[in-house]
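# What the coordinates show
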Amino acid sequence: MSDTPATSELDRRPESKWSMVGKDPYAMPIDKIDLAHPGIWQENEFLPFLKRLREEAPVHYCAESATGPYWSVMKYKDIMTVDTSPHIYSSEPTIGIVDSFEEFTVPSFISMDPPKHDEQRRVVQGVVAPSNLKSLEGLIRQRAAAILDDLPIGEEFDWVERVSIELTTQMLATLFDFPFEDRHKLTFWSDAATAIPGGGIISSNEERWEAMQDCLATFTRLWNERVNAEPGNDDLISMLSHGEATKNMPPMEYLGNILLLIVGGNDTTRNSITGGVLALNQFPEEYDKLRADHSLIPNMVSEIIRWQTPLAYMRRTAKVDTELNGQKIKKGEKVIMWYASGNQDDEVIENPERMIVDRPNARQHLSFGFGLHRCMGNRLAEMQLRIVWEEIMNRFDKIEVVGEPERIYSSFVKGYSTMFVILHPKAS
Amino acid sequence: MVKVLFKDHAGREQSVEAATGVSVMQAAVSNGVSGIDADCGGSCSCATCHVYVDEAWLDKLAAIDPNEDAMLGLSSDRRENSRLCCQITLSAELDGLSVTTPEFQF
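Structure report, in brief. What you see is a predicted model; the values in this text were computed from it and never measured.

Turning to the interface of chain B and chain A, a few remarks are in order. Tallying the contact residues gives 20 residues for chain B and 21 residues for chain A. The junction of chain B with chain A conceals about 1,600 Å² of combined surface from both sides, 54% of it contributed by carbon and sulfur atoms. Counting the surface chain B buries against chain A, the share from its top three residues, Asp39(B), Phe104(B) and Phe106(B), is 37%. In this assembly, chain B and chain A are joined by five salt bridges. The salt bridge involving Arg379(A) is made with Asp37(B); its shortest N-O contact spans 2.9 Å. Where chain B meets chain A, there are nine residue pairs in polar contact (both at pLDDT 80 or more). Per-class residue counts for the side of chain B that touches chain A are eight nonpolar, eight polar and four charged.

Here we come to the sheet that holds strand 4 (residues 82-84) of chain B. Residues and elements named next belong to chain B. Judged by pairing direction, the sheet is mixed, and its five strands sit side by side in the order 2-1-5-3-4 without closing on themselves. The strands lining the two open edges of the sheet, one partner per strand, are strand 2 (13-18) and strand 4. Neighbour-to-neighbour, the strand axes of this sheet turn through a mean angle of 35°, independent of strand direction. In this sheet, strand 2 lies alongside strand 1 (residues 2-7) in antiparallel orientation, the contact comprising six bridges. For Val4, the partnering residue across the bridge sits in strand 2 and is Val16.

For the structure shown, the criterion picks out eleven aromatic pairs over all chains. Aromatic side chains Phe157(A) and Trp159(A) sit 6.4 Å apart centroid to centroid with 40° between the ring planes, which places their arrangement in the tilted category. The burial state of Phe157(A) is the same as that of Trp159(A); both residues are buried. Ring geometry for Phe176(A) versus Phe219(A): centroids 5.3 Å apart, planes at 70°, classification edge-to-face. Residue Phe176(A) is located in helix 8 (residues 159-176), and its partner Phe219(A) is located in helix 10 (residues 205-227); the two are separated by 43 residues in the primary sequence. For Phe219(A), a relative accessible area of 1% puts it in the buried group. Just above the ring of Trp57(B) sits the side chain of Lys60(B); from NZ or CZ to the centre is 5.3 Å.

Residues and elements named next belong to chain A. Under the definition given, this model contains 38 salt bridges over all chains. Across the salt bridge formed by Arg183 and Glu166, the nearest N and O atoms sit 2.7 Å from each other. In this pair, Arg183 sits in the loop between helix 8 and helix 9 (184-194) while Glu166 sits in helix 8, placing the two residues 17 residues apart along the sequence. A salt bridge links Arg354 to Glu285; the nearest nitrogen and oxygen atoms lie 2.3 Å apart. Of this pair, Arg354 sits in the loop between helix 16 (339-342) and helix 17 (378-395) while Glu285 sits in helix 14 (residues 284-292); the two residues are 69 residues apart in sequence, bridging distant segments of the chain. Ionic contacts of the salt-bridge type, sharing partners, join the residues Glu137, Arg141, Asp149, Arg386, Glu390, Glu391 and Arg395 into one network.

Leu35(A), Trp159(A), Phe176(A), Phe219(A) and Trp389(A) are the most contacted members of the largest nonpolar core, which has 133 residues in total. With nine residues, helix 8 of chain A is the single largest residue contributor to this core. Setting aside anything within four residues of it in sequence, one finds Leu35(A) in contact with Ile40(A), Trp41(A), Phe49(A), Leu50(A), Leu53(A), Tyr70(A), Ser72(A), Met74(A), Trp338(A) and Ser411(A). Formed by 33 residues, the second largest nonpolar core is a distinct cluster that contains Leu372(A), Ile36(B), Leu90(B) and Leu97(B).

For a regular strand, side chains alternate in direction, first toward one face of the sheet and then toward the other. All names here are of chain B. Side chains of strand 1 alternate between two faces, with Val2, Val4 and Phe6 buried and Lys3, Leu5 and Lys7 left unburied. Where strand 1 folds back on strand 2, the antiparallel hairpin that results is connected by five residues, among which Gly11 adopts a positive phi of roughly 95°. Here strand 1 pairs with strand 5 (residues 97-100) via four bridges, running parallel. The residue of strand 5 that forms the bridge with Val4 is Leu97.

All right, on to empty space enclosed by the protein then. Counted by the stated rule, this structure contains six cavities of 30 Å³ or more. What the second largest cavity holds in volume is close to 80 Å³. Partitioning the lining of the second largest cavity into residue classes produces seven nonpolar, five polar and two charged.

Here we come to helix 10 of chain A. Residue and element names in this part refer to chain A. Relative to the 33 Å expected for 23 residues at 1.5 Å per residue, helix 10 spans 32 Å between its end C-alpha atoms, a close match to the ideal helical length. Buried residues of helix 10: Asn205, Arg208, Ala211, Met212, Cys215, Leu216, Thr218, Phe219, Leu222, Trp223 and Arg226, and no others. The inward-facing, buried residues of helix 10 contact helix 8, helix 9, helix 11 (236-242) and helix 12 (251-264).

The rules behind each value
Residues numbered from 1 in each chain as written. Chains lettered and ligands numbered in written order. Predicted model: local features only at pLDDT ≥ 70, side-chain atom pairs only at ≥ 80, totals over all residues. Heavy atoms only, no water. Contact = heavy atoms within 4.5 Å. Buried area = accessible area lost by both parts, 1.4 Å probe. Salt bridge = Lys/Arg side-chain N within 4 Å of Asp/Glu carboxyl O. Polar contact = N/O pair within 3.5 Å; in protein donor to acceptor, adjacent residues only side chain to side chain. Nonpolar A, V, L, I, M, F, W, Y, C, P; charged D, E, K, R; others polar. Pairing = 2+ DSSP bridges. Helix = DSSP H or I, 4+ residues; strand = E, 2+ residues; numbered from the N terminus. Axes fitted to C-alpha atoms, helices over the stretch in contact; angles between N-to-C directions. Phe/Tyr/Trp six-rings, centres within 6.5 Å; stacked < 30°, edge-to-face > 60°. Buried < 20%, exposed > 50% of the residue type's maximum accessible area, 1.4 Å probe, protein only. Lys NZ or Arg CZ within 6 Å of the ring centre and 35° of its normal. Core = buried A, V, L, I, M, F, W, Y, C linked by side-chain atoms within 4.5 Å. 1 Å grid on protein atoms, 1.4 Å probe; cavity = no way out; pocket = protein on both sides within 12 Å on 5 of 7 lines; lining within 4 Å. Points joined across faces, edges and corners; volume = space filled by probe spheres on them. Expected span 1.5 Å × (residues − 1).

These results come straight from atomic positions and should not be treated as a statement about function.
Listed below in structure tokens is the structure:
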């Protein structure tokens, strides 16, 4: 995820930003619908646009967009077809809707095809395998508990800042055994790797490069400390530095892999933590079911990940002329798999707009993608969310959302910048 | 109908009966066998129906295709006898098939 999708300079012009917001999706010519505009995502108006395209143009061509022309794939089954056909739909050069225009790139297998993808992914996937994560569960639970115990009761506060960001950052620090007092640096590097210059995080590509140099230097220091320690430590850096396949990685590959682990595990989990609280407030009868039976948590976690869909899409590029659901796609054209739409496809998912904690087949969703690029950290994400929800339900009767959350200005990262809540403790 | 025996990593066993023509994954899911997630529903694209096939049965299975091979490559628990059981279709010849589920699915 070293690219910056849907956030070109053009997109941030107000007239561009607002061109779809507030419009009736059924009153405009269908070819003018441009899902890449961040405005409808920030304003939470995207669902009817997705619905109309699913019904009337399930493989839809948008010729005019600030991001350049692209195809949108809207149906669950068509998305599966694209995601599982890497020989037709390539992940190169990038998985963001905007072709990378920045100088900063590090090798990262999310935007590579086989066989290179498979070789590089194999090197790091073991570190987030469930068998390796088991030993971290206790520490993650302890830190989640400490964050929750520190929250104010009965007064308004920002759940995103105090819980979602803090938990995700602490978990990253835990996984890397990163110096705990410096953990905010992980969040900064993660944000800096993907931010647009001038967007508030960094002001230029030079500044990004400085941040990445600092990141590499810090992780190199940690590597050197741990490579000389006795084997057997179960943090990710020790695993990489002692692992047969990883111990001779060149520096940029180390940086690329570290960044993929940091970025991949950062806002996705963060926004799913927030999204779960929001969903339970929107569907109070589901909150009741959960209160009555905490064993629903693992199923609910999958359902939250579907309902939230923390990454709205992944992009592919057609390698050859091809046809998809009746539409002719030419070699070189961009193809966007809208996971956020496939996860709302009522041909596959009943009552998709509802978050249902005991939904049957809740694991069958598109949020992790399918095929060779399927999310490598899926089990880590599920474990984190499960632990957080177990600890939340042990403490609070209700997390009450106050007002509307503020959403992120992006058609790629589907999430929240603030969400105010009031905590109601369990009657003891 | 043919019989399939599922063992989990801790040695617990569950025997199920299924019709020929269905996949081992479908036989597991429709009989509530734990340890098989099958997130993609049987299209060989999630590697969450991973099983270890008992040696005696390996020769009776159709050869692994490149796609299954690539998907199995996503699992760090892969062994010589690893298969994705959505890709094993039950036949009379496989009556009595015995497989073990890994402790964790990918």
